[in-house]
Amino acid sequence: ATSTGSSWGLIGYIGRLNYSYKNKYLISGSLRRDGVSRFGENKRWGTFPAVSGAWRISEESFMSKVKFISDLKLRGSYGKSGNSSVGDFASRTLIGAGVNYLQSAGLTPAQLGNPNLGWEESEQTDIGLELQLFKKLNITAEYYIKNTNDLLLGRLLPGSSGFLTVVENVGKLQNKGFELSLNGDLINTRDFKWNINFNITFPQNKVVKLAGSPIAQGFASWVEEGQDLGSFRGYVAKGIFQSQAQISAAPIHSSATRPGDIEFEDIDKDGRITANDQRIIGSAVPDYFGGFTTNFSYKGFSLNVFVQYTQGNEIYNNTRAFAEGMNAVFGQAATTLNRWTPSKTNTTMPRAVFGDPNNNRRTSTRWIEDGSFVRLKNVLLTYDFPSTVLQRTKLSSLRFFLQAENLYTWTKYSGLDPEVSTFSVTNTAPGTDFLTYPQAR
């Protein structure tokens, strides 16, 4: 019989001050002080200030003659926030049960403690412009930069220590980008209304500082200074060897390499394919993403359509690595029927051989795919019966509707769903697909 129990505590204080002068000059300030039991005795408390201000330019006298601008506001903000998303006892040295010896109950050290484990802190600066035209079209443009310090990560330890990792505050991450949104009523009459809402974000992400060596995560994810938090690392697949002469002229792969095996790029030019020939081969961070919503209504009918999109991100398809690996029991995907044979050489699928001696299924660009998509996320058609019909009944309202979710997705991704992340519990290994269930349609 076994049982488990856990608890944690959080206590916080907050104060806020708002001030407005003539509805033109606005300022707000706040201060938080939080303590959490998860952290070490020396670092349980964190202080998080914030300040913001705005200038409503449209209220100035010199804007009175500009009739087409209904509202114009310039705003900015700066603030700090904290993250305490670690295990309940992440700072404690823990003992684990179940290590028995000769039928006697045994205990063992299970986690290395860290009394200086504390808050992961983020400081963010935003500058934005809000514009309303003709009292119907709203435009918002915003630039943001967010620096996250003292990341909560597991630092690798030598195995001889008895532990593999210790949770520490290590590293620095930067997110910055530009956001643009538009919304408004294009048509607004008694019987017919049409409004739209569009937004787009251009994100940039970089690991600024990392204590120690790069960290391997998931199947192909790689955390390294100067790279995206979402980078994939592996070998570069160049093509398929077609002859023994071609193999002899190429860098040494394996003594068992034969025609039909994949040729990998010799990055360090040492004449051999080794672990040093791996490099960053992709990123799960998109160039841009966003959504579009439009709503039409005519008398009792209404149609609402929501489309989401992302462009420029990549996916590491580890499902394919298993289903097309052709290693021992693996290789059940129908695409392996197009594998290389001496009589069928015009293919990108390597030969099938027991044991995969050339390691064709290793982490490489072979499994990197474009994760861009446009998805018809939601469609809702409704009809509200008019009061003239309801008067004959005791009903106060009656609505008929049809709704569809994930109706259609335009994508080049070969997997079941491009909006995927196997390791959803961590932000250090996004964009990996391994036997992940697709969203229901």
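**Q** Tell me what's going on with the sheet that holds strand β23 (residues 373-384), and back it up with residues and numbers.
**A** Read across the open sheet, the twelve strands follow the order β1-β2-β3-β4-β7-β8-β11-β12-β19-β20-β23-β24; overall the sheet is antiparallel. The open sheet has two edge strands, β1 (10-21) and β24 (399-411), and neither has a second partner. With strand direction ignored, the average angle separating the axes of adjacent strands in the sheet is 10°. Across twelve bridges, the pairing between β1 and strand β2 (residues 25-36) is antiparallel. Looking at β2, one finds that Y13 is bridged to R33.

**Q** Could you give me a rundown of the sheet that holds strand β18 (residues 279-283), with the residues and numbers involved?
**A** Either a parallel or an antiparallel arrangement is found when strands of a sheet pair, and the pairing is made through backbone hydrogen bonds. If you trace the four strands from one edge of the open sheet to the other, you get β13-β14-β15-β18, paired in antiparallel fashion. The outermost strands of the open sheet, each flanked by one partner alone, are β13 (215-217) and β18. Averaged over neighbouring strand pairs, the angle between their axes works out to 45° when direction is ignored. Where strand β15 (residues 231-234) and β18 come together, four bridges link them in antiparallel fashion. Pairing of S231 across the sheet is with S283, part of β18.

**Q** Before we move on, could you go through the packing of aromatic side chains and cite the residues and values that matter?
**A** This structure, assessed with the given rule, holds 17 aromatic pairs. Summarising the aromatic geometry, the rings of Y408 and W410 are spaced 4.8 Å apart at their centres and angled 65° between planes, so their arrangement reads as edge-to-face. Its relative accessible area of 43% is what places Y408 among the partly exposed residues. Among the aromatic side chains, those forming a connected cluster through ring pairs are F198, F202, Y288 and Y309. Directly above the ring of W222 sits R233, whose terminal nitrogen or CZ lies 4.2 Å from the centroid. Over the aromatic face of F322 sits the side chain of R361, whose NZ or CZ is 5.0 Å from the ring centroid.

Reading the values: rules and limits
Numbering of residues starts from 1 in every chain and runs along the sequence as written. Confidence filtering applies because this is a predicted model: local features only for residues at pLDDT of at least 70, side-chain atom pairs given and counted only at 80 or more, and all residues used for totals across whole chains, interfaces and linings. Just so you know, side-chain values use all the structure's heavy atoms and leave hydrogens and water out. Two strands qualify as a pair provided that DSSP identifies no fewer than 2 bridges between them. Strands here mean DSSP runs of E at least two residues long; helices mean DSSP runs of H or I at least four residues long; both are numbered from the N terminus. A fitted line through C-alpha atoms represents every axis, and for helices the fit uses only the stretch in contact; the resulting angles, taken between N-to-C directions, go from 0 to 180 degrees. We call Phe, Tyr and Trp rings a pair once their centres come within 6.5 Å, taking the six-membered ring for Trp, and we label the pair stacked below 30 degrees between planes, edge-to-face above 60, and tilted otherwise. Here the term buried applies to any residue with accessible area under 20% of the maximum for its type, exposed to any over 50%, and partly exposed to those in between, with areas from a 1.4 Å probe on protein chains only. In this scheme, the term charge over a ring applies when either NZ of a lysine or CZ of an arginine sits within 6 Å of the ring centre and within 35 degrees of the ring normal.

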